[in-house]
Amino acid sequence: MNPTSASPLPGTDPAHAAIGRELLTFTLGNEYYGVDILKVQEIRGYDTVTRIPGAPEFIKGVINLRGAIVPVIDLRIKFNLDSVVYNEFTVMIILNIARRIVGIVVDSVSDVTQLSPEQIKPTPEFGSALDTSYITGLGALDERMLILVDIESLMSSTDMALVDVQTQAVH
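Quick caveat, the model's predicted, so the values are computed rather than measured.

A. Geometry of the overall build of the protein chain. Helix and strand content of the protein chain: four helices and eleven strands. Burial status across the protein chain gives 39% buried among its 171 residues. Taking the contacts inside the protein chain whose residues are at least 6 apart along the sequence as the reference set, 54% of them involve residues at least 24 apart. Only carbon and sulfur atoms are counted for the fraction: they give 53% of the accessible area of the protein chain, which is about 10,000 Å².

B. Highlighting the sheet that holds strand S8 (residues 108–115). A sheet is described by the order of its strands in space; here six strands give the open sequence S8-S1-S2-S11-S10-S9, paired in mixed fashion. Sheet topology places S8 and strand S9 (120–121) at the edges, where each strand pairs with a single neighbour. Taken together, the six bridges between strand S1 (residues 21–28) and strand S2 (residues 31–36) define a ladder with antiparallel strand orientation. When the bridges of S2 are listed, Phe26 appears paired with Tyr33.

C. How the structure looks around the nonpolar core. Residues Leu75, Ile104 and Ile151 are the most contacted members of the largest nonpolar core, which totals 27 residues. Those elements that provide at least two residues to this core are S1, S2, helix H2 (75–78), strand S6 (91–97), strand S7 (100–106), strand S11 (144–149) and helix H3 (151–155). Non-local contacts of Ile151, meaning those with residues more than four positions away in its chain, are made with Val35, Lys39, Leu95, Ile97 and Ile104. Ile63, Leu65, Val72 and Ile94 belong to the second-largest nonpolar core, a separate cluster that totals seven residues.

D. Structural detail: the packing of aromatic side chains. Applying the stated criterion across every chain, the model contains four aromatic pairs. Plain terms: the ring middles of Phe26 and Tyr33 are 5.6 Å apart, the flat faces sit at 10° to each other, and that makes the pair stacked. The exposure class assigned to Tyr33 is buried, which follows from its relative accessible area of 6%. Joined through ring pairs, the aromatic side chains of Phe26, Tyr33, Phe79 and Tyr134 make up one cluster. The positively charged end of Lys78 is found above the aromatic ring belonging to Phe58, 5.1 Å away from the centroid.

E. Here's a closer look at the pairing of strand S5 (residues 68–74). With five of seven residues buried, S5 lies mostly within the body of the structure. Between the antiparallel neighbours strand S4 (residues 59–65) and S5 lie two residues, among them Arg66 with a positive phi of about 50°. Across three bridges, the pairing between S5 and S7 is parallel. Bridge pairing in S7 links Val72 to Gly103.

F. Layout of unusual backbone geometry. Of note, the phi angle at Ala98 is positive, near 50°, even though the residue is not glycine. One can find Ala98 in the loop between S6 and S7. Although it is not a glycine, Arg99 adopts a positive phi angle of roughly 65°. On the secondary structure map, Arg99 appears in the loop between S6 and S7.

G. Here's a closer look at the confidence of the model for the protein chain. Per-residue confidence for the protein chain gives a mean pLDDT of 80; residues scoring 70 or more make up 77%. With pLDDT under 50 throughout, residues 1–18 is counted as low confidence; its partners more than four residues away or in other chains account for four contacts. With pLDDT under 50 throughout, residues 165–171 is counted as low confidence; its partners more than four residues away or in other chains account for ten contacts.

H. Quick look at the sheet that holds S4. One open sheet accounts for five strands, arranged S3-S6-S7-S5-S4; its pairing is mixed. Strands with a single pairing partner mark the edges of an open sheet, and in this sheet they are strand S3 (40–45) and S4. Recorded for the sheet is a direction-independent mean angle of 30° between the axes of neighbouring strands.

I. The arrangement of the side chain of Thr27 in detail. Relative to the assigned elements, Thr27 resides in strand S1. Within polar-contact distance, the side chain of Thr27 engages the side chain of Ser108 at 2.6 Å. Residues contacting Thr27, with those up to four places away along its chain left out, are Tyr32, Val106, Asp107, Ser108 and Ser110.

What counts, and where the lines are drawn
- Residues numbered from 1 in each chain as written.
- Predicted model: local features only at pLDDT ≥ 70, side-chain atom pairs only at ≥ 80, totals over all residues.
- Heavy atoms only, no water.
- Helix = DSSP H or I, 4+ residues; strand = E, 2+ residues; numbered from the N terminus.
- Buried < 20%, exposed > 50% of the residue type's maximum accessible area, 1.4 Å probe, protein only.
- Contact = heavy atoms within 4.5 Å.
- Areas by Shrake-Rupley, 256 points an atom, 1.4 Å probe, with all protein chains shown as cover.
- Pairing = 2+ DSSP bridges.
- Core = buried A, V, L, I, M, F, W, Y, C linked by side-chain atoms within 4.5 Å.
- Phe/Tyr/Trp six-rings, centres within 6.5 Å; stacked < 30°, edge-to-face > 60°.
- Lys NZ or Arg CZ within 6 Å of the ring centre and 35° of its normal.
- pLDDT = per-residue confidence, 0-100.
- Axes fitted to C-alpha atoms, helices over the stretch in contact; angles between N-to-C directions.
- Polar contact = N/O pair within 3.5 Å; in protein donor to acceptor, adjacent residues only side chain to side chain.

What follows is the structure, encoded as structure tokens:
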């Protein structure tokens, strides 16, 4: 067999990589969410944060991450979900978004998942009653739905303003 004519292994050629989306999945309450794996810098256990006076409730405060001051957002509070309980499964996902490091607190991290375009459905329309601008779609994964979050859009929203839109446009 001619080595130049052999089929590449799945996932090893650039054309195949563009077919699906690789996501880090996590839970908030009973729901599963996914963010682009390329935005994830690291996953840490939940640690205490320094509260900033006057910050919105969903901004838990800041942590010192190897010399960098990182704002920490609790997505459960941001998304108005049930009561927040911090336990041994609570984790902090450190994201690198438009040259800015941000931490998000989630209930638990599930796994890394790849979704094909056929598995991704458009976000339903809710009108003005619900802001879904940061949701890029819904992933059908076995028997569960995965809410796909555009984390850059969420972090640059007016109430968050953690990522400068001009800085984001450069990338």
